[in-house]
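# Residue-level structure breakdown
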Amino acid sequence: MSKRLEGKVALITGGTSGIGAAAVRRLASEGAKVAFTGSNAEAAAALCAETGASFHPHRVQNADAWPVLMEELHKLYGRLDIAFANAGMEAGDSNIEEIDVNNWNNIIAVNQTGVMLTVQHAMRAMKKNPEGSGGSIIVNSSMNANRAMGNFLAYSVTKTAVCAIVKSSAIHCALTGTKIRVNAVLPGVVETAMITNLINQQEDPVATRKAYESMSPMRRMAKVEEIAGLVAFLASDEAAFISGAEYVIDGATTAGTMGV
Amino acid sequence: MKRLEGRVALVTGGLRGIGIATVERLLEEGAEVIIADLKAPDDADVQAVLKQLGQASSYLQLNVTDEAQWEAAAASVRRDFGRLDILVNNAGIDGIGPVETMPFETWRRVMAVNSDALFLGTKHCTVLMSETGKKTRGGASIINISSIMGIVGWIEASPYNASKGAARLFTKATALEFARKGMGIRVNSVHPGFVRTPLLQEGFDRAAEMNTASTAQELLSTLDQMTPLGRVAEPSEIAATIAFLASDDASYMTGSELVVDGGWTAQ
């Protein structure tokens, strides 16, 4: 693996599993020093041992915990170049008729407020970099930002909302000359533990798996490493002219209409 | 960085601007690159470029609007290389002016180069690319160079807008078609904002002639200021995105549109 990210420091939220863990591995393999957050200490310890990354127990939706985390990172690394706002959830989501307002609030808190806080605090840290303001922030949205799901109301809403956070933040950075780029990635169905568990909970897991695989005309789900490859590209100086963009990575799932 | 070792690429409009930057980048990553452009093989410019780029590059004279020439090009790539991993449909021209006075010929010319050529190139390279892509981890990769003007409108650029919009959706249609058939070819579009290229400079020179109020230099500074990141792009920055799409790192990306515009369309 090339060392495009040598000398850079990265923060990844929700890094203990799935796309987040793959991003920890990928950014570390490209030479970045990586800090990641989450709540599964056991999984985190193994990932730290494997990659040399540092783990910081933290919940993105907890506004009061952010200054504490950022102070900790500042002491450890002294700078921040890359932030991947990845933490997300869909537990308790439902359709418009049935969704419970507490579940709605929880999903909004993590997927939307959590992303806003991540971008906000990452940007404040990046502005204080020793050689001057600069960095790359990547937000994990979803192809469902462009195609809402009937049975996942809150998830669909928040994944659309974070695209507006990305664009507004990118424009803010441009207007204030901070040299911080902000972009979104919009994955299709990715074979994560979250999806695998969801599949296994269904009455007919085989049929459900096939249904997920068939959403893309490639007839497979994405691997977490494939999303991490795009995140690494956007994190690197290769993407120096890319800001305010939404990069769909969904094996052409949303390139056509449903049923294609 | 040798992500493209053993791969063969064809870049149309490869002699200048984003094209030559892409050729240079793909060569750096280890690919063998065929430069396709209008000039004759013995043209001094062609010879100079080949000499500078070295042995992994070669030249193919190709008018991208001519179907017979595409057929011959695909046959020669098969004969000389036996594979085609990467096709960058980059050749493009602009066409500006008010609709009511624009010669129909201008419209047809822009549509032919920017839009018809994608159909012809894709049509005639697909068989070889599919054979190649099925044997490669990330598949073969077609990269169509559209523009932010394939997404948003621009005053007095109607044929350019229409042709680049066609490129955007031709990309999605072929991405779906090839994925569904398991052909092993990914298709994506790249949408540069304003890039410091000869095409941009020529456009500005013409605009300055038509509108005495501005010089080409003033127009360029205005564009720098209007771009959220505060400057226009260098061709190498577009080439970096093209190289990403060409590589196995983009193995799940097909039917996507990658905007590289310094935040222009986000504002």
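Coordinates for the structure precede this section.
Residues numbered from 1 in each chain as written. Chains lettered and ligands numbered in written order. Predicted model: local features only at pLDDT ≥ 70, side-chain atom pairs only at ≥ 80, totals over all residues. Heavy atoms only, no water.

Helix and strand counts for chain B stand at eight helices and seven strands. In terms of C-alpha radius of gyration, chain B reaches 18 Å, essentially the compact-globule figure of 18 Å for 267 residues. When its C-alpha atoms are laid out on the principal axes, chain B stretches across 55 × 40 × 40 Å. Within chain B, the proportion of its 267 residues that are buried is 57%. A separation threshold of at least 6 residues defines the contact pool for chain B, and within that pool the share at least 24 residues apart is 72%. Accessible area for chain B stands at about 10,900 Å²; split by element, carbon and sulfur atoms hold 53% of it. For chain B, the centre of its 25 positive side-chain charges and the centre of its 32 negative side-chain charges are spaced 8 Å apart. (Helix = DSSP H or I, 4+ residues; strand = E, 2+ residues; numbered from the N terminus. Rg over C-alpha atoms; globule rule 2.2 N^0.38 Å. Buried < 20%, exposed > 50% of the residue type's maximum accessible area, 1.4 Å probe, protein only. Contact = heavy atoms within 4.5 Å. Areas by Shrake-Rupley, 256 points an atom, 1.4 Å probe, with all protein chains shown as cover. Lys, Arg positive; Asp, Glu negative; His and termini not counted. Charge placed at Lys NZ, Arg CZ, Asp CG, Glu CD.)

This brings us to the overall build of chain A. Secondary structure summary: chain A contains eight helices and seven strands in total. Computed over the C-alpha atoms, the radius of gyration of chain A is 18 Å, within 12% of the 18 Å expected from 2.2 N^0.38 for a compact globule of 260 residues. Taken along the three principal axes of its C-alpha coordinates, chain A extends 55 × 40 × 35 Å. Counting every position in chain A, which comprises 260 residues, the buried fraction comes to 56%. Within chain A, contacts between residues at least 6 apart in sequence are counted, and of these 69% link residues at least 24 apart. With the model as given, the accessible surface of chain A reaches about 10,800 Å², and the carbon-plus-sulfur share is 53%. In chain A, which carries 22 positive and 24 negative side-chain charges, the distance between the mean positions of the two groups comes to 8 Å.

All names here are of chain B. Residue position: T132 is located in helix 4 (residues 104-133). Residue classification places T132 among the buried residues on the basis of a relative accessible area of 1%. In contact with T132, not counting residues within four places along its chain, are R83, L84 and D85.

On to the interface of chain B and chain A. Residue-level contacts link 35 residues of chain B with 35 residues of chain A. Carbon and sulfur atoms supply 63% of the area that chain B and chain A bury against each other, a total of about 3,000 Å² over both sides. Considering only the surface of chain B that becomes buried against chain A, B:L176, B:R180 and B:Y252 emerge as the three largest contributors, covering 28% of it. Remark: the boundary between chain B and chain A carries two salt bridges. For A:R26, the salt bridge is made with B:D249, and the minimal N-O distance between the two is 2.8 Å. Counting across the interface, chain B meets chain A through eleven residue pairs in polar contact (both at pLDDT 80 or more). Sorting the residues of the side of chain B that touches chain A by element identifies helix 5 (158-180), helix 8 (235-246) and strand 7 (257-260) of chain B as the ones contributing at least two each. In terms of residue count, the dominant contributor to the side of chain B that touches chain A is helix 5 of chain B (five residues). (Buried area = accessible area lost by both parts, 1.4 Å probe. Salt bridge = Lys/Arg side-chain N within 4 Å of Asp/Glu carboxyl O. Polar contact = N/O pair within 3.5 Å; in protein donor to acceptor, adjacent residues only side chain to side chain.)

This paragraph deals with unusual backbone geometry. Residue and element names in this part refer to chain A. Look at R219: it is not a glycine, yet its phi comes out positive at around 60°. Relative to the helices and strands, R219 is located in the loop between helix 7 (205-213) and helix 8 (224-235). Located in the positive-phi region is A252, a residue other than glycine, with phi close to 70°. If you trace the backbone, A252 turns up in the segment after strand 7 (246-249). A relative accessible area of 0% places A252 in the buried class.

Bringing the environment of A:A245 into the picture now. On the secondary structure map, A:A245 appears in the loop between helix 8 and strand 7. Here the alpha-carbon distance between A:A245 and A:R181, two residues 64 residues apart in the chain, equals 9.5 Å. Sequence-distant contacts of A:A245, that is, excluding residues within four places in its chain, are made with A:V166, A:V182, A:N183, A:A184 and B:V259.

Turning our eyes to something else, we now look at helix 6 (residues 193-200) of chain A. Listed as buried for helix 6 of chain A are A:I195, A:L198 and A:I199. Considered in projection along helix 6 of chain A, the buried side chains sweep an arc of 100° and stay on one side of the axis. (Arc of directions from axis to C-beta.)

Residues and elements named next belong to chain B. Taking every second residue as pointing to the same face, both faces of strand 7 are buried, with E257 and V259 on one and L258 and V260 on the other. In terms of strand pairing, strand 6 (residues 185-192) meets strand 7 through four bridges, oriented parallel. In the sheet register, S189 faces strand 7, and the bridge partner there is E257. (Pairing = 2+ DSSP bridges.)

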